[in-house]
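Now for the letters of each chain:
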Amino acid sequence: MNIQDIIANKRDGKKLNTDEIKYFVEEYTKGNITDYQAAALIMAIYINGMDKEETTALTIEMAHSGDILDLSSISKNVIDKHSTGGVGDKITIILTPIIASLGIPVAKMSGRGLGFTGGTVDKLESIPGYKTEIKVEDFIEDVKKIGISVIGQTANLAPADKKIYSLRDSINCVGSMPLIASSIMSKKIAAGANKIILDVTVGSGAFMKNKKDAIQLSNLMKDIGKLANRETICVLTNMDEPVGYSIGNSLEIIEAIECLKGNIPEDIKEIITTIGSYMIKLAGKGNDLEENKVKIIENIKNGKAYNKFLELVQNQGGNIEFIKNTEKFEKAKYILPVTSKEEGYVYKLNAEKVGKISVDLGAGRLRKEDSIDKSVGIVLNKKIADKVNTGDILGFVYANNKQRGETAVEELLNAYEIVKEPVKKEEIILGII
Ligand code: URA
């Protein structure tokens, strides 16, 4: 068997067998297949797709490319949560300490930015000192000790995904159902939680642009979860506009901290209470979803969730003075207002465009070895259905390069569509699978 034949098979639209998939995953992980050969195969998969059998084989091989954790010593039920990606998506950072503050262990392995979407690991790393590369033994110990750990991919957990993930990012091959399903589920299987909740985003700022595709992806991931003995629930959430108001690494951390202090925008509140209520149910800590939502809000109001976040940050080496006083976060050099040239109501706010603007400002990567700028991004002032007057500020661009910032101002203005008639707010939760 050799990689050229495997590339040719997928390039020509053929189905790959399990041995071919195993060979690719093993040899690429070991470094015996080059990045350019892997890129050719990934592009062929992106274009020609994979059926369920191929996707399942790819997932299982990727999961077994490193260790598979056994978290049963922590608790009977350990919950993991993952999003298929979005713009301004800081849900993990808000929700995981809330759940942990309710006495439910959370062992969470997150990813870096992908395409036009941000990544939890990049965001958390904007807290000075916060370590995301943690030894597996310490990850387990931390969950036992404080009930929560949020880490990046360590060298020996789904290492194949780590390599393929950054490769996909740099060759623009992210939005593919088999690649997303295998990437997410291999990590979830390797990370050891027995209950998995997936936030499957739908809309302009998501990789699944419509509900039909999101349902198909959800069913695929649920089936893979079942095969691996992991109970999996998917919550379909609206990503037609960014989540909350901030986009960019430290900007999103600051917004997450505000949410944990009780200043939560409506869309974030709906997402955290819905997903959170299912997490509590999966953990066996309450079957009544409405009651679970109340528990979530209670632990924000009484400060327990915020304190758990402080504990998490401190435990992972982060400087909690930045959490206590977010003014300490380094600010971008230029904070440029974007003003409306017309009057009416926001009809659309293209989240993919907003995500790309943020990446171009430096918040994401164009090549896999690129470093990112933690302080740049966007803070929105107006979202879908909001009333706008001429001269109103739609949002602010945070830039460290004046020219890039000025281009971003023009682009952000173009991401908005304003109409004369009032606009109805869109539904946030689009389904549970
Ligand atoms: N999150 C992942 O971990 N992988 C993807 O492919 C998309 C979102």
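Residues numbered from 1 in each chain as written. Predicted model: local features only at pLDDT ≥ 70, side-chain atom pairs only at ≥ 80, totals over all residues. Heavy atoms only, no water.

Brief notes about the packing of aromatic side chains
Right, so step 1: With the rule as written, the count across this model stands at three aromatic pairs.
Right, so step 2: On the numbers, 5.8 Å between centres and 10° between planes, the contact of F24 with Y28 is stacked. Within this pair, F24 and its partner Y28 are both found in helix α2 (residues 18-30), separated by four residues, close to a single helical turn. Taken as a pair, F24 and Y28 share a single burial class, namely buried.
Right, so step 3: Taking 5.3 Å as the distance between ring centres and 75° as the angle between the ring planes, the aromatic pair formed by F322 and F329 counts as edge-to-face.
Right, so step 4: Under the relative-accessibility criterion, F322 is labelled buried at 15%.
Right, so step 5: Here the basic side chain of K383 rests over the ring of Y245, its NZ or CZ set 5.2 Å away from the ring centre.
Right, so step 6: Above the plane of the ring of Y345 lies K387, whose end atom (NZ or CZ) is 5.4 Å from the centre. (Phe/Tyr/Trp six-rings, centres within 6.5 Å; stacked < 30°, edge-to-face > 60°. Helix = DSSP H or I, 4+ residues; strand = E, 2+ residues; numbered from the N terminus. Buried < 20%, exposed > 50% of the residue type's maximum accessible area, 1.4 Å probe, protein only. Lys NZ or Arg CZ within 6 Å of the ring centre and 35° of its normal.)

A few points about a negative patch on the surface
Right, so step 1: Together, D67, E137, D138 and E141 make up a region of like negative charge exposed at the surface.
Right, so step 2: For E141, the position within the fold is in helix α7 (residues 136-146).
Right, so step 3: Classification of E141 by relative accessible area gives partly exposed; the value is 44%. (Patch = residues over 30% accessible without salt bridge, like charges linked within 9 Å, V, L, I, M, F, W, Y side chains within 5 Å. Areas by Shrake-Rupley, 256 points an atom, 1.4 Å probe, with all protein chains shown as cover. Salt bridge = Lys/Arg side-chain N within 4 Å of Asp/Glu carboxyl O. Lys, Arg positive; Asp, Glu negative; His and termini not counted. Charge placed at Lys NZ, Arg CZ, Asp CG, Glu CD.)

Focus: the pattern of salt bridges
Right, so step 1: Per the counting criterion, the structure on display carries 25 salt bridges.
Right, so step 2: For K308, the salt bridge identified is with E311, shortest N-O distance 3.1 Å. With a gap of three residues between them, K308 and E311 both fall in helix α14 (residues 304-315), about one helical turn apart.
Right, so step 3: With relative accessibility at 31%, the residue E311 sits in the partly exposed group.
Right, so step 4: Of the charged contacts, one joins E352 and K356 as a salt bridge, the two residues approaching to 3.0 Å between their closest N and O atoms. Of this pair, E352 and K356 both sit in helix α16 (residues 351-363), separated by four residues, roughly a single helical turn.
Right, so step 5: Salt bridges sharing partners connect three or more residues here, namely R112, D122, E125 and R365.

Some details on the site of the ligand
Right, so step 1: All residues in the neighbourhood of the ligand are listed as H82, S83, T84, L114, Y165, R168, I180, S183, I184 and K187.
Right, so step 2: A distance of 2.9 Å separates an oxygen atom of the ligand from a polar side-chain atom of H82.
Right, so step 3: Within the contact set of the ligand, an oxygen atom lies 2.6 Å away from a side-chain nitrogen or oxygen of K187.
Right, so step 4: Protein burial of the ligand: of its 240 Å² of free accessible surface, 97% is covered by the chains.
Right, so step 5: The cavity that encloses the ligand is the largest cavity.
Right, so step 6: If you list the elements that add at least two residues to the shell around the ligand, you get β1 (79-83), α8 (159-170) and α9 (177-191).
Right, so step 7: Here the shell around the ligand gets four residues from one element, more than from any other, and that element is α9.
Right, so step 8: Taken together, the residues that form the shell around the ligand break down as four nonpolar, four polar and two charged. (Near = heavy atom within 4 Å. Polar contact = N/O pair within 3.5 Å; in protein donor to acceptor, adjacent residues only side chain to side chain. 1 Å grid on protein atoms, 1.4 Å probe; cavity = no way out; pocket = protein on both sides within 12 Å on 5 of 7 lines; lining within 4 Å. Sits in = over half its atoms within 2 Å of the grid points. Nonpolar A, V, L, I, M, F, W, Y, C, P; charged D, E, K, R; others polar.)

Notes on the side chain of K187
Right, so step 1: Summarising the element assignment, K187 is placed in helix α9.
Right, so step 2: Exposure remark for K187: the relative accessible area of 0% places this residue in the buried category.
Right, so step 3: When sequence neighbours within four positions are dropped, the list of residues in contact with K187 reads H82, M109, Q153, A158, D161 and Y165. (Contact = heavy atoms within 4.5 Å.)

Looking at the packing of helix α1 (residues 3-11) against helix α3 (residues 35-48)
Right, so step 1: Where α1 meets α3, the closest approach of the two axes is 8 Å, and the angle between their N-to-C directions is 20°. The orientation of α1 relative to α3 falls into the category roughly parallel. Seen along the crossing, α1 lies across α3 with a hand that is left-handed. Residue-level contacts link I3, Q4, I6, I7, K10 and R11 of α1 to Q37, A40, L41, A44, I45 and N48 of α3.
Right, so step 2: A breakdown of the residues in the contact of α1 with α3 according to their chemical character gives seven nonpolar, three polar and two charged. (Axes fitted to C-alpha atoms, helices over the stretch in contact; angles between N-to-C directions. Parallel < 35°, antiparallel > 145°, perpendicular 65-115°, else oblique. Left-handed = near helix turned anticlockwise from the far one by under 90°.)

As for α2
Right, so step 1: Taking 1.5 Å per residue as the helical rise, α2 with its 13 residues ought to reach 18 Å, and the 18 Å between its terminal C-alpha atoms agrees with that figure.
Right, so step 2: All of the buried residues along α2 are E20, I21, F24, V25, E27 and Y28.
Right, so step 3: The inward-facing, buried residues of α2 contact α1, α3, α4 (52-63) and α8.
Right, so step 4: G31 sits one or two positions beyond α2 and adopts a positive phi of about 90°. (Expected span 1.5 Å × (residues − 1).)

Considerations on the domain arrangement of the protein
Right, so step 1: Domains assigned within the protein are domain 1 (3-49), domain 2 (79-324) and domain 3 (332-419).
Right, so step 2: For domain 1 and domain 3, the distance between their C-alpha centroids amounts to 38 Å. (Domains from an automatic or database assignment.)

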